[in-house]
Every structure is written in C-alpha cells, then in structure tokens.
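One letter stands for each residue in the lines below.
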Amino acid sequence: MPKKRTCSENMQDGGTRKPRIEQNDTAGDEEARNQPPAWADSRHSLCSALPWFRSVQGGSYQSNKLCYGFLLDRDGGPRDYLDDEIVITRVGGDCKLDADGNLKQHRNQDENTRVVESLRESMQSGLAVGLIIGNKNTTIARKLPHRFNVMAWFRVVDVWFEKTSNNKTGARVRFQKLDLEQPSWPNGPNELFKRLQEVDLGLRRYPVRGQSADEMLTAHFAVNFGMPYKYVVSVDSKGFDEAPVEIMFALGRLDWATREAVGAGARKPNELLTVGYFQDMSMGFHDDGEDSLGPTIATLSLGSQATMRFRLKKKYYNGNAANAAVLPGCEFFEERKELKEQHENGELDDAEYVNKCMELTSDITRREAKDMIALELHHGDMVVMHGSLLQKYYEHSIASEGKLRYALTARHVLEEKVELKERAKGQLKFTADQIYDGE
Ligand SMILES: O=C(O)CCC(=O)C(=O)O
Ligand SMILES: [Fe+2]
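Here the structure is a predicted model, which means the values were calculated and not measured.

**A closer look at the pattern of salt bridges**
Step number 1: Applying the stated criterion across every chain, the model contains 20 salt bridges.
Step number 2: In this structure, the salt-bridge partner of Asp291 is Lys417, at a minimum N-O distance of 3.9 Å. Here Lys417 lies in the segment after strand S20 (404-413) and Asp291 lies in the loop between strand S14 (282-286) and strand S15 (293-303), a separation of 126 residues in the sequence.
Step number 3: On the basis of relative accessible area, Lys417 is assigned to the partly exposed category, the value being 45%.
Step number 4: Taken together, the shared-partner salt bridges in this structure form one network comprising Asp80, Glu162 and Arg172.

**Looking at the UniProt feature "binding site: 2-oxoglutarate" (unreviewed entry) in the protein**
Step number 1: Following the UniProt record, one finds the feature "binding site: 2-oxoglutarate" (unreviewed entry) at His286, His396, Arg405, Thr409 and Arg411.
Step number 2: Following the sequence through the fold, His396 ends up in strand S19 (residues 394-400).
Step number 3: Residue contacts for His396: discarding those within four places in its chain leaves Gly284, Phe285, His286, Asp287, Asp288, Met308, Arg309, Phe310, Met385 and Gln391.
Step number 4: Along the polypeptide, Arg405 turns up in strand S20.
Step number 5: For Arg405, a relative accessible area of 0% puts it in the buried group.
Step number 6: Sequence-distant contacts of Arg405, defined by excluding residues within four places in its chain, comprise Val275, Gly276, Tyr277, Ser301, Leu302, Ser304, Ala306, Leu377, Ile398 and Ser400.

**Here we look at a negative patch on the surface**
Step number 1: Among the surface-exposed residues, Glu334, Glu335, Glu338, Glu341 and Glu347 lie close enough to one another that they form a single negatively charged patch.
Step number 2: One can find Glu341 in helix H8 (residues 333-344).
Step number 3: Here Glu341 falls in the partly exposed class, since its relative accessible area comes to 42%.

**Some words on the site of ligand 1**
Step number 1: In the region of ligand 1, the neighbouring residues are Leu273, Tyr277, Met283, His286, Asp288, Thr299, His396, Ile398, Arg405, Ala407 and Arg411.
Step number 2: Side-chain polar atom of His286 to an oxygen atom of ligand 1: 3.1 Å apart, as the coordinates give it.
Step number 3: Interatomic distance of 2.7 Å between a side-chain N/O atom of Arg405 and an oxygen atom of ligand 1.
Step number 4: In the complex, 99% of the free accessible area of ligand 1, which totals 290 Å², lies under the protein chains.

Cut-offs used in this document
- Residues numbered from 1 in each chain as written.
- Chains lettered and ligands numbered in written order.
- Predicted model: local features only at pLDDT ≥ 70, side-chain atom pairs only at ≥ 80, totals over all residues.
- Heavy atoms only, no water.
- Salt bridge = Lys/Arg side-chain N within 4 Å of Asp/Glu carboxyl O.
- Helix = DSSP H or I, 4+ residues; strand = E, 2+ residues; numbered from the N terminus.
- Buried < 20%, exposed > 50% of the residue type's maximum accessible area, 1.4 Å probe, protein only.
- UniProt positions renumbered as here; feature names shortened; annotations may be inferred.
- Contact = heavy atoms within 4.5 Å.
- Patch = residues over 30% accessible without salt bridge, like charges linked within 9 Å, V, L, I, M, F, W, Y side chains within 5 Å.
- Areas by Shrake-Rupley, 256 points an atom, 1.4 Å probe, with all protein chains shown as cover.
- Lys, Arg positive; Asp, Glu negative; His and termini not counted.
- Charge placed at Lys NZ, Arg CZ, Asp CG, Glu CD.
- Near = heavy atom within 4 Å.
- Polar contact = N/O pair within 3.5 Å; in protein donor to acceptor, adjacent residues only side chain to side chain.

Now the structure itself:
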C-alpha cells in the first residue's frame with residue numbers, strides 16, 4: 001500500500017521539524033498529529049512558504065476571485081466559534097480598532113465586498129481553503145506553539161451578513177474541515193500523550209502483594225496521586241498539590257466524563273492512578289470493588305490500542321445456591337433462573353432448591369467464564385464503569401497491544417477509609433485551563 005501522505009507534505013512545511021514522538025505504531029503520521037502541519041514565526045516566512053497564502057497583510061488571500069487561505073488571528077468577537085472541525089468567524093476587512101482596543105466593523109459589507117465574493121466563489125467551486133491560526137487569536141483559549149500555525153484544509157460552507165454591535169453590516173463565514181478522517185491538530189489527547197512522556201511521573205513496577213518470598217513485579221508501571229489507593233499492589237500516593245499539571249489536566253477530563261455518564265450527583269474523583277504499559281504488557285482479571293471505593297471509575301486511554309475484557313467472576317458463572325444471583329451469561333442460565341423462580345414462589349423448599357442447583361453444576365468442570373464484552377480502546381477513549389454490582393459480579397482485564405500506552409483512572413476513595421493525616425492528598429483545586437467541558 002502506498003504510504004499515506006502526511007499533511008506536512010501536502011501543505012508545505014514552512015518551519016523546522018521537531019523530533020518525532022510516537023503515539024502509536026504508525027509513527028510516520030505522528031509528527032503531523034503533535035505539531036501543526038506547517039508553521040512560521042513571522043508573517044513574511046508564512047507568506048513565502050505557503051503558495052496559498054501570499055498575503056502579507058489582511059486576513060485572507062485571494063487570487064482569480066477565489067479565496068485560497070484564511071488567517072484567524074486576534075480577537076474575533078464573542079460570536080466566533082472555533083474547534084478543530086468547525087470555524088465560524090467574521091470575514092474580516094473593513095474593521096478598525098476602537099478606543100478600547102476591540103476590532104469593530106467600520107464600513108458596511110455586502111455581496112460586492114471583495115473577500116465576500118471570493119469566499120462565495122470558493123464555496124461554489126468547492127475549493128479547499130487553508131486555515132491558519134495565529135497566537136493572537138483569543139477564541140481558541142489555548143497556548144499555541146508558533147506565531148502562525150496551519151490548521152488543515154477546510155471548505156466554505158456558508159457566508160452571510162449580520163448586524164454588528166455598532167450597527168454596521170458585517171459578513172460572517174463558516175468553514176468545515178475537509179477531511180474529517182485526518183487526525184486534527186491541535187488535539188488534547190495527542191498533546192497530553194506527548195507531555196506525559198516528557199515529565200517524570202514516578203512510574204514504577206511494584207511488587208505484587210502476598211508474593212514476598214520470590215518478589216514478583218506487576219506487568220505494568222503505576223503511580224498514584226490524590227487519596228491513597230491500594231489494589232493488588234500498594235502504590236505510594238502523592239497529594240494532588242504535588243501532581244504534575246498533566247495529571248490535573250487528565251483529571252479535569254475524567255471529572256467531566258464521570259459527570260456526563262452518571263450525572264451531576266456523581267461523587268467527585270479524588271484519586272488518579274496512572275498505569276503505563278510497554279509492548280505486550282497487561283493487567284490481569286481483577287475488579288475495582290475495594291470497599292474503600294465509590295461506585296464510579298473513569299479511565300482515559302492514551303497511546304496504543306488495548307482490549308478491555310469483561311467477564312462474570314468464576315463463582316457467579318458456575319453458580320450455586322449460595323450465590324443467589326442468577327446472572328445473564330452464567331452456565332445453565334435458563335435452568336437456574338427457573339429453579340430460582342420455583343424457590344421464590346414456594347414450589348421448591350430450601351433443601352430441594354440447593355439439591356437441584358447442585359445437580360445442575362455437579363458434572364460440569366468448573367471453568368472461567370467466557371468474555372461478555374471485549375472493548376477496543378483507542379487513543380483518547382474514555383470508559384466509565386458505574387455501579388458497585390458491576391465490580392461485585394464481573395471482573396475486567398487489559399491487554400495493551402502497541403509500544404506505549406497510558407491508562408489514567410480516576411476514582412472516588414471514601415474519606416472515612418483513609419487515615420486522617422492522608423486525607424489532604426485528595427483535595428483538589430482545578431485551575432481554569434484544567435476544567436474540561438467536552439469541547
Ligand atoms: O488499563 C486500563 O485501561 C484500566 C486499568 C484498570 O483496570 C485499573 O487500573 O484498575
Ligand atoms: Fe481495573
């Protein structure tokens with residue numbers, strides 16, 4: 001198969017390249033994901049590098065009555081919208097700075113305004129328009145790596161007129177990203193994945209508990225922040241006040257995912273376990289049902305793909321009378337369900353019920369349950385597990401497939417289960433940029 005062209009090649013790279021940071025096994029495409037496909041630190045080098053933006057002034061480049069390139073710089077006003085796939089902004093031009101330094105429409109625009117005409121022509125002919133974002137743009141509310149950063153190819157999907165706050169008529173435009181399959185830049189999970197590799201999180205392999213004679217280490221790396229959390233291993237925990245910002249940034253996302261999945265009443269995460277997996281590392285079947293935990297567990301996956309499997313625990317899968325729960329997917333589900341009903345409506349007394357259950361299971365070899373669900377987890381995916389019964393009856397495992405994966409899991413540890421002197425570790429205060437609202 002021919003190698004897919006990166007957008008750097010397509011868009012002409014105007015800047016120097018950074019060392020490659022691999023996000024998964026298709027390393028060739030990664031550079032483009034973590035940096036803009038092209039950038040420049042001055043307007044002059046931007047315009048000399050990009051044939052589709054030969055415009056040393058103004059916010060757009062036109063040629064032959066077509067708009068080829070569009071720059072998003074400075075304040076676009078409160079009605080602007082910008083994400084990596086949709087951009088809504090004023091078309092620019094005919095503006096002046098007012099006394100407060102805000103850009104205001106100073107002349108009316110109409111269908112004959114040159115930039116409006118060229119945007120309409122590009123829309124009608126379906127021309128790809130290159131979008132560039134400058135670090136003076138205030139709508140994006142994010143620190144950009146360069147003075148001018150190429151976003152991607154977009155197409156014009158609408159041009160219209162609105163009354164501006166100073167009662168002029170100004171034109172507005174809506175762009176949509178051309179190739180929605182192409183990974184976007186800037187992209188939160190990509191940035192976070194890259195930065196997690198650059199900070200020393202303190203990840204280490206811990207001894208598995210109860211294996212002291214011949215010390216066995218876990219097949220993954222771990223580090224915990226916030227409330228102390230003990231699972232099959234006793235990881236040390238540092239307070240959130242000592243956590244790198246990357247951890248707090250991930251926690252902001254997981255806090256959002258918890259509320260999205262469970263509702264505003266969800267218990268706020270106060271602990272975050274980061275697990276690192278190199279190639280073929282894994283976490284065997286286990287539950288997260290420690291009695292010190294609340295019922296909601298949210299995980300953000302970064303990097304290589306992994307498979308998360310869920311299955312019934314062995315004792316519920318094989319079942320017996322003592323395990324009253326008859327759960328879908330267990331052996332002899334239909335038969336056991338019927339026996340249970342007969343017991344409940346008095347057709348079978350306790351002894352008969354126990355006997356019949358024993359008869360059912362006596363001649364099968366007790367074995368592990370088959371997987372009920374196998375979830376493929378991709379870079380940027382979040383999984384929220386909710387409900388204590390999920391942890392009581394089911395167990396889950398993780399097998400990581402590529403070279404490097406991080407799983408950041410946020411839980412709520414019950415305060416009363418934590419020693420008094422440790423409780424402050426779980427106290428968290430987000431800064432504005434760590435709060436995530438799904439955008
Ligand atoms: O690696 C994952 O996605 C989840 C890890 C997990 O199950 C855990 O930390 O308890
Ligand atoms: Fe788990």
